[in-house]
Each structure stands twice: as structure tokens, then as C-alpha cells.
Amino acid sequence: MIRTVFKNFVSPRATRPYPIEVRPAFEHTRGELENDVSGCTFCGVCAKKCPSACITVNRKEKTWRLDPFSCVYCGICVDACPGECLFHTTDHKKVVLHKIPVVLTKEDPGLEKPEPGPA
Amino acid sequence: MNPVDMTTETLRQQAKQIKADGCRFVTVTCLEETEDTLALIYHFEKNLELFHYRVRIPKDKVVPSLCPVFSAAFLVENEIRDQFGVTFEDLEPDFNGTLYFGDSDVVTATPFCRFGVKRADG
Amino acid sequence: MSNTILPFGPQHPVLPEPIHLSLTVEDEVVRQAVPALGYVHRGLEMLTRKKDFHQMIQVVERVCGICSMMHAMCYCRGIETLMDIEVPRRAQFLRVIWSELHRIHSHLLWLGLYADSFGFESVFMQFWKIRERIMDINEATAGNRVIVSVNRVGGVRRDLSPSQCWWIGEQLDEVETELKAIESTMLDNYTVKKRTVGKGVLTKEDAWELGAAGPTLRGSGIARDMRELKYEALDELEFEPVVETGGDAYARGAVRFKETLQSIDLVRRAMARLPGGETAAKVKGKPEGETALRVEQPRGECMYYIKADGSRFLDRLRIRTPTFANIPPLTAMLPGIELADVPVVVLSIDPCISCTER
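Residues numbered from 1 in each chain as written. Chains lettered and ligands numbered in written order. Predicted model: local features only at pLDDT ≥ 70, side-chain atom pairs only at ≥ 80, totals over all residues. Heavy atoms only, no water.

Peer 1: Now, about a positive patch on the surface: what can you tell me, with residues and values included?
Peer 2: A surface patch of like charges, here positive, comprises A:Lys48, A:Lys49, A:Arg59, A:Lys62, A:Lys106 and C:Arg152. Classification of A:Arg59 by relative accessible area gives exposed; the value is 57%. (Patch = residues over 30% accessible without salt bridge, like charges linked within 9 Å, V, L, I, M, F, W, Y side chains within 5 Å. Areas by Shrake-Rupley, 256 points an atom, 1.4 Å probe, with all protein chains shown as cover. Salt bridge = Lys/Arg side-chain N within 4 Å of Asp/Glu carboxyl O. Lys, Arg positive; Asp, Glu negative; His and termini not counted. Charge placed at Lys NZ, Arg CZ, Asp CG, Glu CD. Buried < 20%, exposed > 50% of the residue type's maximum accessible area, 1.4 Å probe, protein only.)

Peer 1: Before we move on, could you go through a nonpolar patch on the surface and cite the residues and values that matter?
Peer 2: Together, A:Met1, A:Ile2, A:Val5, A:Phe6, A:Phe9 and A:Val10 make up a nonpolar patch on the protein surface, roughly 780 Å² of accessible area in all. Along the chain, the position of A:Phe6 falls in helix α1 (residues 2-10). (Helix = DSSP H or I, 4+ residues; strand = E, 2+ residues; numbered from the N terminus.)

Peer 1: Please set out the sheet that holds strand β1 (residues 4-6) of chain B residue by residue, giving values where relevant.
Peer 2: The pairing of strands in a sheet happens through backbone hydrogen bonds and is either parallel or antiparallel. Residue and element names in this part refer to chain B. If you walk across this open sheet you meet the four strands as β1-β4-β3-β2, and the pairing is mixed. Each having just a single partner strand, β1 and β2 (24-32) make up the two edges of the open sheet. Each neighbouring strand pair of the sheet contributes to a mean axis angle of 25 degrees, computed without reference to strand direction. In this structure, β1 lies alongside strand β4 (residues 49-58), joined through three bridges in parallel fashion. Its bridge partner lying in β4, Val4 is registered against Tyr53. Of the strands in this sheet, β2 and β3 (37-46) touch helix α2 (residues 73-84), which is tilted by about 5 degrees from β2. (Pairing = 2+ DSSP bridges. Axes fitted to C-alpha atoms, helices over the stretch in contact; angles between N-to-C directions. Contact = heavy atoms within 4.5 Å.)

Peer 1: Quick one: what's the story with the sheet that holds strand β3 (residues 63-66) of chain A, residue by residue and with numbers?
Peer 2: Residue and element names in this part refer to chain A. Pairing is antiparallel across the open sheet formed by three strands, whose spatial order is β2-β3-β5. Edge positions in the sheet fall to β2 (55-58) and β5 (102-105), since each of these pairs with one other strand and no more. Across the sheet, the axes of successive neighbouring strands diverge by a mean angle of 15 degrees, strand direction being ignored. Bridge count for β2 against β3 is four bridges, and the pairing is antiparallel. The residue bridging Asn58 from the neighbouring strand is Thr63, located in β3.

Peer 1: Describe the layout of surface pockets, and please don't skip the residues or the numbers.
Peer 2: Quantified by volume, the largest pocket comes out at close to 1,900 Å³. Forming the boundary of the largest pocket are 42 residues, of which A:Ala14, A:Thr15, C:Gln126, C:Lys129 and C:Ile130 lie nearest the centre. Mapped onto the lining of the largest pocket, the elements with two or more residues apiece are α1 of chain A together with α4 (121-142), α5 (162-181) and α6 (183-187) of chain C. Of the residues forming the lining of the largest pocket, the biggest block, 12 residues, is contributed by α4(C). Partitioned by chemical class, the residues of the lining of the largest pocket number 14 nonpolar, 12 polar and 16 charged. (1 Å grid on protein atoms, 1.4 Å probe; cavity = no way out; pocket = protein on both sides within 12 Å on 5 of 7 lines; lining within 4 Å. Points joined across faces, edges and corners; volume = space filled by probe spheres on them. Nonpolar A, V, L, I, M, F, W, Y, C, P; charged D, E, K, R; others polar.)

Peer 1: I'd like a description of the interface of chain A and chain C, backed by residues and values.
Peer 2: Residue-level contacts link 18 residues of chain A with 18 residues of chain C. Across the interface of chain A and chain C, roughly 1,400 Å² is buried in total on both sides, 41% from carbon and sulfur atoms. The interface formed by chain A and chain C contains three salt bridges. The salt bridge partner of C:Arg157 is A:Asp79, with a shortest N-O separation of 2.9 Å. Those elements giving two or more residues to the side of chain A that touches chain C turn out to be α2 (45-49) and α3 (76-80) of chain A. Looking at the side of chain A that touches chain C, its residues break down into eight nonpolar, five polar and five charged. (Buried area = accessible area lost by both parts, 1.4 Å probe.)

Peer 1: Quick one: what's the story with the pattern of salt bridges, residue by residue and with numbers?
Peer 2: Residue and element names in this part refer to chain C. Taken as a whole and assessed by the stated rule, the structure comprises 51 salt bridges over all chains. Note that Glu45 is salt-bridged to Arg316, the shortest N-O span being 3.2 Å. Residue Glu45 is located in the loop between β3 (29-36) and α1 (56-60), and its partner Arg316 is located in strand β8 (residues 314-320); the two are separated by 271 residues in the primary sequence. In terms of burial, Glu45 and Arg316 fall into one category: buried. Asp235 is paired through a salt bridge with Arg89; the nearest N and O atoms lie 3.0 Å apart.

Peer 1: An account of the environment of A:Asn35 is needed here, citing residue identities and associated values.
Peer 2: Checked against the element boundaries, A:Asn35 lands in strand β1 (residues 33-35). For the pair A:Asn35 and A:Phe87, spaced 52 residues apart in sequence, the C-alpha to C-alpha distance is 6.4 Å.

Peer 1: Please give an account of the packing of helix α3 (residues 89-117) of chain C against α4(C) that cites residues and values.
Peer 2: Residues and elements named next belong to chain C. At a minimum axis distance of 8 Å, the contact between α3 and α4 shows a crossing angle of 160 degrees. One element, α3, and the other, α4, form an angle in the roughly antiparallel class. The handedness of the crossing between α3 and α4 comes out as left-handed. Among the residues forming the contact of α3 with α4, the class breakdown is 17 nonpolar, five polar and three charged. (Parallel < 35°, antiparallel > 145°, perpendicular 65-115°, else oblique. Left-handed = near helix turned anticlockwise from the far one by under 90°.)

Peer 1: Tell me about the interface of chain C and chain B, and name the residues and values.
Peer 2: Between chain C and chain B, the contact holds 38 residues from the first and 40 residues from the second. The contact between chain C and chain B buries some 3,300 Å² in all, and 58% of this surface belongs to carbon and sulfur atoms. Among the residues of chain C in contact with chain B, C:Arg49, C:Trp208 and C:Glu209 are the three that bury the most area, contributing 16% of the side total. Inspection of the region where chain C meets chain B yields seven salt bridges. Of the charged contacts, one joins C:Arg358 and B:Glu79 as a salt bridge, the two residues approaching to 2.7 Å between their closest N and O atoms. Run the count over chain C and chain B and you get 14 residue pairs in polar contact (both at pLDDT 80 or more). Of all the elements in the fold, those that place two or more residues in the side of chain C that touches chain B are β3, α8 (204-209), β6 (288-297), β7 (300-309), β8, α11 (322-333) and α13 (353-357) of chain C. Of the residues in the side of chain C that touches chain B, the class split is 16 nonpolar, six polar and 16 charged. (Polar contact = N/O pair within 3.5 Å; in protein donor to acceptor, adjacent residues only side chain to side chain.)

Peer 1: Break down helix α1 (residues 11-20) of chain B for me, with residues and values.
Peer 2: Residues and elements named next belong to chain B. Buried residues of α1: Leu11, Ala15 and Ile18, and no others. Along the long axis of α1, the arc covered by the buried residues comes to 60 degrees, so they all point the same way. In α1, those exposed residues whose orientation departs by more than 90 degrees from the buried face are Gln13 and Ala20. Against the buried residues of α1 lie β1, β3, β4 and β5 (62-64). Positive backbone phi, approximately 90 degrees, marks Gly22, located one or two places after α1. (Arc of directions from axis to C-beta.)

Peer 1: I'd like a rundown of the nonpolar core, residues and numbers included.
Peer 2: All names here are of chain C. Among the nonpolar cores identified, the biggest contains 79 residues, and Tyr75 and Met186 are the most heavily contacted of them. Of all the elements, α3 adds the most residues to this core, at 13 residues. In this view, Tyr75 contacts Phe53, Met56, Ile57, Val60, Tyr304, Ile306, Leu314 and Leu317; residues no more than four positions away in its chain are not counted. (Core = buried A, V, L, I, M, F, W, Y, C linked by side-chain atoms within 4.5 Å.)

Peer 1: Any chance you could break down the environment of C:Asp159 for me, citing the residues and the numbers?
Peer 2: Residues and elements named next belong to chain C. Mapped onto the elements of the fold, Asp159 is located in the loop between β5 (155-156) and α5. Taking the C-alpha atoms as reference points, Asp159 and Leu94, 65 residues apart in sequence, are found 7.6 Å from one another. Those residues in contact with Asp159 that lie beyond four places of it in its chain are Arg90, Leu94, Trp98, Gln164 and Thr279. Here the side chain of Asp159 touches Arg90 through a polar contact of 3.0 Å, side chain to side chain.

Listed below in C-alpha cells is the structure:
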């Protein structure tokens, strides 16, 4: 037991002082869902495939609407997107006060899709 | 899978035979086949192999429970009573349709049936 | 003294999930236990009427968070059987890797909760610290920590690169070393044994008759592991089911501890033999027919019955989860034990109530 006690005195701590030190995100982490609308054709495939029905696409008005609080972060829409404009950031959704859906149009684009890094 | 057909009359007798053969009770699946009939599929297991027995019943029929033979059957039969409204005879302990839904209003409904049935004693 | 009926749960410090047990006690000794369910019933089986058979994968994953990978795997295997799809060999190996990783992290979570149930807080912390490495592996390879969502009908959605395999191997070595360091604390400690040995005994005959599953069955001396069915790539990876003969809470804990080490070994061997090639087969058409199949989850055997009529929506999906099978044995274990041991015995079957009620 004494050995364990001494070992615990000198070994580094197992936890991270979180807000000060943040672990870098993994490359494939499915964080927030974003749409780079510049490449979006508003085809509606993502809305059709989504298992939690969190995406609605209006093809006439060309709007792409996401309810991030129904999203289950499965990434099915990202796999299905024919224009490859949907992507996940590596950051998780932050806490919010009000549940406001994301509505994107051609005039009001979201984030730009980052270039894929070296594999 | 090829379920063997059984009737409610021979059900308990055959279950005793199955148990004597050294089979283990796995579960019962209830499904709605037509508007008036349900099918109960009994699954048993021996040496990593599954055996299926199917009983077709009209919706208002009282089915003999397997509890006297396999006492583990009480949970799944109570569940079927909740979801499909099938009444089992000699069910012990019998929750009388309140296993999942407690004493709420849902008890009178059969939520897993496409075509609702009115419970006998709802 | 006359009998007293004590309510146990749905809210109880040792219960991670809500289940209610009405315990009839005589003095301090339990005489009868009657379970009451329904606190987390969600009717997921009936969602087959609203979600098509591809979308159901994401629904069955949510039957149980912690064994989500196995639920999806079992469901996909069922659909693949109905549609006659041959899954590529690489996908089969990847499924085994992810499912064994899930088994490791589920067992580690349970070992922590179990230690907590008899008041061993520091071991609880240690197990959860070790578990964090597996969660990191899940996040780095599949994108999410718990609900990895890697399955699709016909294969898997993610792939492992050689560098990732190497890193997973490195992490698993660390996990193994850390686990070995607390092995004696969990299995040979006087205090732990005092709280667990001889508590909630389930005899071999009772376990078989009451249809117990998984570590509860194997803890009673019956070598029955659904992985013996050699599904996916398990036909190439030989293993022996872990068996303990005690039938008590200690035996069930020991089975899970040894299975964790066994799963680490299985993941290593699966990664070493990982073949090249595609990770998913093409899917055309719609499923038709009925099938019943089983996989081994961390908690025991899980049975899926799938009936499809050739449309987008399945006719009937029935999920028999391991905890559902383990509740009748639990009610047989409880009579005769003291009230203070009830939390340990209830946790020893690894109850997953959201699984049970679906």
C-alpha cells in the first residue's frame, strides 16, 4: 500500500483542468452539423434520409432548415449529400438559452467547408 | 426460420415436452397478422439453435399461460397483455395490463395493434 | 414480526435507471420481490411504421445507449439475411472490433457502478478513468463517444487506417496494464469478497430454467456465449466463454472482469488479421420474409425477430434484450438475502432498464 501511496504522490494527475486545458478534438469527431450553402442545390436528400427528421428543405424558396436540437449526430446526411456541402465541425454544440433553428438560404450562407487535411 | 404450428389446446402439453427435452425459454413474439387474428411465436433454444412454435389466435381468445411450465414467461406475457391486449390464463404474477402503463388511461388501449381491439375487462 | 412491503426504486442511489421493486421483507430478510416497469417505455418497436428500414438502424441504436453498436449490428444482420446481402470480409472484422470495444467499455462502466454499489468509490473512479481511453478510441474512429453509428445495411460506414489500428493497440495495452493493476483489488480483496461472495446465489438449474442470459448465466456455471454462433468474423477468432461456478454476485463480477481482458485480446487479434477490401456491399431492393437471430451483447444474448413484407417499412420488429431475460432470475435471486445486499444483487445482473422496456 505504501508503494501505491508514494506512486500516487509523484505520478501526474489523471484529470485535465478543463476550461484551462482543452483536449484537441479528434479529426473524425462528429460535432455541429454545418451546410456550406454555396454548393447546396436544395435537393432535399438529407431531409429524406435523416432518421430524426431534423432537416427540412424547401425546394421552391430554396431554404435549408435544421433543428440542431433534434439532430442525433449520426452523419447519415453527410454521407448522403450529393453536392458534398454538408459537413460536421469537430466542435460540439454549445449550451444555448433559446432553441432557435438554423435557416440557411443562398443569400445567407453558413460556414464554408474546410479543405480536407492530409489523410 | 420455419415456425412449427401449434394450437392453444396443445400449447402447454407441448411446452412441457420441450422443457423435458432440455430447451431453454427465450421469449414470445406477438404480431398482428390480420384485423382479427394475432400470432404468438414462442422461441426456445437448445445447443445454440433456436426453435420456433407459432400459435394463431383470434383477438378475443384467452390463451393458456406458459408460467406453470416456464416461470420466466410471466414478464413477456404481461408485456403482450399490455401491448396487444391478449389475456392469459394462470398468469402469475398478473399485472392485468398495467406492467408498463400503470393505472393511466392507456390501459384500455392496445397500442401495438394497427386495428384496435376493445379489451374484455378494460 | 409481520411482513413489511418496502419500495425499492425507481429512484435509488445505486440505480442508474428507473426500476421499481416491491420487496416483501420479514425483519431484514427479503421474502419476495415483484418488479414494476414502465418508467422509460418508449415504444421503439412500433417506430417501424414511421421510419423506413434504413432509418431504423438509428432507432435501434437508441434502444440501449451502451450496447448501441450490437443492436445495430444485430438488426443489420437480420436485414442482410432477408435481402441476401453478403457483407465484405473487412466490414465483418470491423464490426467485431467495434462491438468488442463496446463490450469493454460497457463492462468497465458496470464494474465501476458495481464497486460503487458496495461503497468502493475509489475503484469506481479507477474503472471509469480506464474506460475513458475506450471512449476516446470510439470518438477518434467513429466520431461519437457512445452511439458510434457505424453500421449500415451491407457493411460499415467508417474504416480504420493502419495508423489508427496502431494507436488503438497502444491504447489497449495501457488499458490492459491499468486493469491488471486493479485485478487483485476487484477479485481477491477481503472487503469486496465479504460484500459479494454468496450474495444472490442463482443455481445452475435455476439459471437455465429461468432463461438467464450472458454473464448471469455464465456466472452460474453454464458456458453459453452467443459469440459461439460465429457471427461476423468470429469464425476466424477462436475464444473460450468465460465461466465461473459460484452463481453469486462475486462470480458475475469475475466473469465480466475476465471478459474485459478477453475482449481486449479479441480486438487485438481482429486488428492483426484485418483483411483489405471494401467496407460495404451495395444494397438494392427491399427486405421480405421473417427471421430471428441473436448476438451476444455485454449483458447477454439479444434476440431480434424481424418480419418484412417487401415494403420500405418493416411489418414487425421484436427485440428481446438481455435484461428482459435477466429480470425473472433477479426475482428468484432476491428472496432470502438481507436488505443491505439488495443493491449489490440488483446491480450484479447489470440491469439496463431502457433496454428492457424499449
